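This is what each chain is made of:
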Amino acid sequence: MMTFAEFESFLKASFPDVTSEMLERFRLMDSGYREWNAKINVISRKDIDSLYDHHVLHSLAIAEYLRTQRPETYSLLNTPSSGLKVLDLGTGGGFPGIPLAVMFPGTRFTLCDSVGKKTIVAKEIANMLGLDNVEIVNARAESLTGRFDFVVSRAVASLTDFYPWVKGKYSRSILYLKGGDINEEICALMSRERLRRGSVATWPINTWLTDTYFEGKFVIDIRR
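Presented here is a report on the structure given in the accompanying data block. Computed from a predicted structure; not experimentally measured.

## Topic: the sheet that holds strand β5 (residues 170–179)
Then comes step 1: Taken in spatial order, the seven strands make up an open sheet running β3-β2-β1-β4-β5-β7-β6, and their pairing is mixed. In this open sheet, the two edge strands, each paired with only one partner strand, are β3 (134–138) and β6 (200–204). Between one strand axis and the next, the sheet turns by 20 degrees as a mean value, whatever way the strands run.
Then comes step 2: Inspection of the sheet shows strand β1 (residues 85–89) paired to strand β2 (residues 108–113) by five bridges, in the parallel sense. Across the sheet, Lys 85 pairs through a bridge with Arg 108, a residue of β2.
Then comes step 3: Each of β4 (148–154), β5, β6 and β7 (217–223) touches helix α3 (residues 51–69); the most contacted strand, β5, lies at about 130 degrees to it.

So, in structure tokens, the structure goes:
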């Protein structure tokens, strides 16, 4: 269980460009999620005390991956004039989309989930934080129109199930948070979808977050 003070210290060490406005939004998440989780359960009751380490930092592993492994992309997402659009599919109560939207205020985020009551929580949190770069959509993936630069998601399905939902909807890459036997899933995905060799990269999250909770958890980057 990580306190906000510990979270703030860790975040500043990892992201020297984090602003006081971002930190204030992260601080407000604790009371916001506690209040809404009591009404609509989007985080397990026993895990709400681990909001910052198990949920916020897990989401921000995508940002850390980009900062260290794809710095040009990280810089672009930080550029207000870039006009980049990101889809968070299966966002639940707003993960990983809301923490990423706080970190990248110049990027447009569409947070989508097919479960209406979950999108209520995501919308209330986004409003409470004053995130004007976030749109919440209650819909199934198949019904989404338009195209995005990136798709992000946190383990809503196996890769072979997830990929067909979004394969025509992104122009740069999918950044997927997933644990377990990912090699088998990646092989099955590459074979079924005939993805080009070298188009999938994996990054172990415990190179950044050393808590045992993150052992066997990865950022999976599927490029066009």
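## A short note on the packing of aromatic side chains
Then comes step 1: All told, the structure shown has 13 aromatic pairs when counted by the stated rule.
Then comes step 2: Measuring from ring centre to ring centre gives 6.3 Å for Phe 15 and Tyr 74, while their planes differ by 20 degrees; the resulting arrangement is stacked. A residue pair is termed long-range when its members are at least 10 positions apart, and Phe 15 in the loop between α1 (4–14) and α2 (20–39) and Tyr 74 in helix α4 (residues 71–77) qualify at 59 residues. By the burial criterion, Phe 15 is buried, and Tyr 74 matches it.

## Let's talk about the packing of helix α7 (residues 159–166) against helix α8 (residues 182–193)
Then comes step 1: Taken N-terminus to C-terminus, the directions of α7 and α8 make an angle of 45 degrees; their axes are 9 Å apart at the nearest point. With respect to α8, the axis of α7 lies oblique. Across from Leu 159, Thr 160, Tyr 163 and Pro 164 in α7, the residues of α8 making contact are Glu 185, Ile 186, Ala 188, Leu 189, Arg 192 and Glu 193.

## Considering the nonpolar core
Then comes step 1: Core analysis: the largest hydrophobic core is formed by 56 residues, its most contacted members being Phe 7, Phe 26, Tyr 33 and Leu 60.
Then comes step 2: Here this core gets ten residues from one element, more than from any other, and that element is α3.
Then comes step 3: With near-sequence residues (within four places) excluded, Phe 26 lies in contact with Phe 4, Phe 7, Leu 11, Tyr 52, Val 56, Leu 60, Pro 99, Val 102 and Met 103.
Then comes step 4: Formed by 25 residues, the second largest nonpolar core is a distinct cluster that contains Phe 148, Phe 162, Val 200 and Phe 218.

## As for the pattern of salt bridges
Then comes step 1: Overall, the coordinates contain 13 salt bridges when judged by the stated rule.
Then comes step 2: Close ionic contact of Arg 140 with Glu 142 constitutes a salt bridge, the shortest N to O distance being 3.9 Å.
Then comes step 3: A residue is classified by how much of its surface remains accessible, and Arg 140, at 53% relative accessible area, is exposed.
Then comes step 4: In this structure, Asp 149 engages Arg 172 in a salt bridge whose closest nitrogen and oxygen atoms are separated by 3.6 Å. Taken together, the residues Asp 149 in strand β4 and Arg 172 in strand β5 connect sequence positions 23 residues apart.
Then comes step 5: What emerges from the salt-bridge pattern is a single network uniting Asp 30, Arg 34 and Asp 49.

## Quick notes on α1
Then comes step 1: Residues of α1 that are buried include every one of Phe 4, Phe 7, Leu 11 and Ser 14, and no others. Summarising the axial view, the buried residues of α1 lie within an arc of 90 degrees, below the 170-degree limit, and thus occupy one face. Looking at α1, the residues exposed on the side facing more than 90 degrees away from the buried face are Ala 5 and Ala 13.
Then comes step 2: In this structure, the buried side of α1 is in contact with α2 and α3.

About the cut-offs
Residues numbered from 1 in each chain as written. Predicted model: local features only at pLDDT ≥ 70, side-chain atom pairs only at ≥ 80, totals over all residues. Heavy atoms only, no water. Pairing = 2+ DSSP bridges. Helix = DSSP H or I, 4+ residues; strand = E, 2+ residues; numbered from the N terminus. Axes fitted to C-alpha atoms, helices over the stretch in contact; angles between N-to-C directions. Contact = heavy atoms within 4.5 Å. Phe/Tyr/Trp six-rings, centres within 6.5 Å; stacked < 30°, edge-to-face > 60°. Buried < 20%, exposed > 50% of the residue type's maximum accessible area, 1.4 Å probe, protein only. Parallel < 35°, antiparallel > 145°, perpendicular 65-115°, else oblique. Core = buried A, V, L, I, M, F, W, Y, C linked by side-chain atoms within 4.5 Å. Salt bridge = Lys/Arg side-chain N within 4 Å of Asp/Glu carboxyl O. Arc of directions from axis to C-beta.

Keep in mind these numbers describe shape, not what the thing actually does.
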